[in-house]
Amino acid sequence: MNRNRSASRNRLIAGQAGISYGGFIFGQAVRFAFNMAVARMLGEESLGVYALALAVMQIVETFGVAGYDAAAVRYVNIYQAEGRKASDAAGLAIRSALFMSLVPALLVMLFSAPLARLFNGGSASLGSAPLDVSASLGGSAPLGGGGTLLHFALLSYAVAVPFNVVAMVAGHALQGHRDLVPKIVATQLIAPVAMLALTLLLAFADAPGPALLVPYTAASVLSCLWIWRQLRLKTGTGIREVLGAPADRRMKAFAFPLLGVSLMSMIAYWLDILLLGMLGGPVLSGLYQPAARTAGLIRALLPAFSGIAAPLVAALQAGDESVETGRLYRLVTRWMVLLVTPATLFLMVLPEPVLLLFGPRFSASAPALALLAAAAFAQSFGGIAGTVLSMAGHGRVTFLNALVALAVQVAFSVLLIPFYGTAGAAAASLGAMLLLTALRLLQVSRVLGVSSFSAALWKPAAAGAGTAILLWLCRPWLLGLDPAVAALTGVVIASAVYLALILLFRLEAEDRELILGKH
């Protein structure tokens, strides 16, 4: 592959990933503010109810999507030159996912009461997060306690499932055209901003129940309508194309193995919240939620890069360009490690100031945040290994990986949560992620003959080590400051020191070409 084409692809990845990551960071920051608003205005039990209901819905939505999000990316990209066929692929993916989503959404509505009882666990003390569910929580249980509130939340949120599924697949269809902006705007701008605005409005209006129950569904409907309009305007795919798209056995065969992968991954992502609810109730899940979502700021980088890399890898594999696939794989992995290292170090060394922003009780989950940050880094270090395997047609391998990791996480969680509470749940997540990352790296190396490791990785490693040492030395001083000041100061120190060290070690040639625009 000539140098100009490689440089052009680098700019495409960096530009689209930059837009995507910027959108993800904005969306996560708004969701961070949403979680903080719920914690401070409605209480930790209401935050736990939200986390548990959201966990159930995202698992249900993953089942509804049924792998057709990835199928839309792959086949819209492959058929892009054929016009009508690309529109049919997008329409088929949306129709199939919509029909798949209706059954589990209805089942959640039907069994919302038993599910609420299942995740409204006992009030025993677990590790460092002692519970007293019967204690007064002010407005945290406006509908009569965690179980009743969770019941209503499950009913309300289930209405949003078909809208979220359509929005997700439509966004991926546009991604197949290598346009990530509509999906980012819908999922990371419209949905979280609408949720936060409605929550604040209803909470200030002294309507704590509606403040928790209404915003999620309303935001889902709004974002779905917006992205549907974008899909119709940019690709010509409308209701007629969705209903009339012919069946495609290749898409179905590609999608269904990925359903298992996505389902296992989503269950693993929310397993800690769900098990904490089963064993300790919504309060314990609420105390854990800020740690889990804060660590999610690091995880946001992976979909940002994998989103644009997926169609590129699919095209390279279709053209049997394994050498270029390896180069792309190493480049994306290096960029991801380079970007996530300072945030990971900050959250591992200084988790307490961040969690104190949610309230005094949340500082008990500081060990959990440190462990979850490490897990997020492990996932980023694995780079786009899972994406590479899937786009190369090894869906079954990725499914088995996810199944093994999920089994390990369940076993560790059941063993550790009763003794260590939130820290036990985070440790189980870290162990499972380390195993999954190791499996993916090994398999990409064995099956495709490419590796994510490059000599240039020593630079973020050395810069990270220097940053970690300085942060640790500053830790006693920072912990004596106001939490907001400590968090902001820690972020500035970590970012400035890390950037200075990276510049001292010199940027790679590809990075200089990208920044300076030279070929």
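Above: the structure in question.
These numbers come from a predicted model, not from an experiment. (Residues numbered from 1 in each chain as written. Predicted model: local features only at pLDDT ≥ 70, side-chain atom pairs only at ≥ 80, totals over all residues. Heavy atoms only, no water.)

The secondary structure content of the protein chain amounts to 21 helices and zero strands. Across the 519 residues of the protein chain, 56% fall into the buried class. Across the protein chain, every contact between residues at least 6 apart in sequence was considered, and the portion connecting residues at least 24 apart equals 86%. Accessible surface computed for the protein chain: about 20,100 Å², of which carbon and sulfur atoms make up 68%. (Helix = DSSP H or I, 4+ residues; strand = E, 2+ residues; numbered from the N terminus. Buried < 20%, exposed > 50% of the residue type's maximum accessible area, 1.4 Å probe, protein only. Contact = heavy atoms within 4.5 Å. Areas by Shrake-Rupley, 256 points an atom, 1.4 Å probe, with all protein chains shown as cover.)

A word on the nonpolar core. In this structure, Met 57 and Tyr 288 are the most contacted members of the largest nonpolar core, which totals 120 residues. Among all residues touching Met 57, those that are not within four sequence positions of it are Val 108, Leu 154, Tyr 157, Ala 158, Val 161 and Tyr 216. Counting eleven residues, the second-largest nonpolar core is a separate cluster that includes Tyr 329, Val 332, Met 336 and Val 444. (Core = buried A, V, L, I, M, F, W, Y, C linked by side-chain atoms within 4.5 Å.)

This next bit is on the pattern of salt bridges. Counting across every chain of the model gives two salt bridges. A salt bridge links Arg 361 to Glu 44, with the shortest nitrogen-to-oxygen separation between them at 2.7 Å. Placement of Arg 361 in the loop between helix H15 (351-356) and helix H16 (366-381) and of Glu 44 in helix H2 (residues 44-65) is noted, with a sequence separation of 317 residues between them. (Salt bridge = Lys/Arg side-chain N within 4 Å of Asp/Glu carboxyl O.)

All right, on to unusual backbone geometry then. Of note, the phi angle at Ala 66 is positive, near 55°, even though the residue is not glycine. By secondary structure assignment, the location of Ala 66 is in the loop between H2 and helix H3 (68-78). The class for Ala 66 is buried, based on a relative accessible area of 0%. With a phi close to 60°, Asp 206 is a non-glycine residue in the positive phi region. Within the secondary structure layout, Asp 206 lies in the loop between helix H8 (181-204) and helix H9 (208-235).

Summed over the entire model, instances satisfying the criterion amount to eight aromatic pairs. Ring centres 4.9 Å apart and planes at 70° place the aromatic pair Phe 32 and Phe 358 in the edge-to-face group. One end of the pair, Phe 32, is in helix H1 (residues 3-41); the other, Phe 358, is in the loop between H15 and H16, and 326 residues separate them in sequence. Here the two residues Phe 32 and Phe 358 agree in accessibility, since each one is buried. On the numbers, 5.1 Å between centres and 50° between planes, the contact of Trp 458 with Phe 505 is tilted. Of this pair, Trp 458 sits in helix H19 (residues 458-479) while Phe 505 sits in helix H20 (residues 483-505); the two residues are 47 residues apart in sequence, bridging distant segments of the chain. Overall, the relative accessible area of 44% leaves Trp 458 in the partly exposed class. Three or more aromatic residues joined by ring pairs form one cluster here, namely Phe 34, Tyr 50, Tyr 157 and Tyr 216. (Phe/Tyr/Trp six-rings, centres within 6.5 Å; stacked < 30°, edge-to-face > 60°.)

Any functional reading would require information that these geometric values do not contain.
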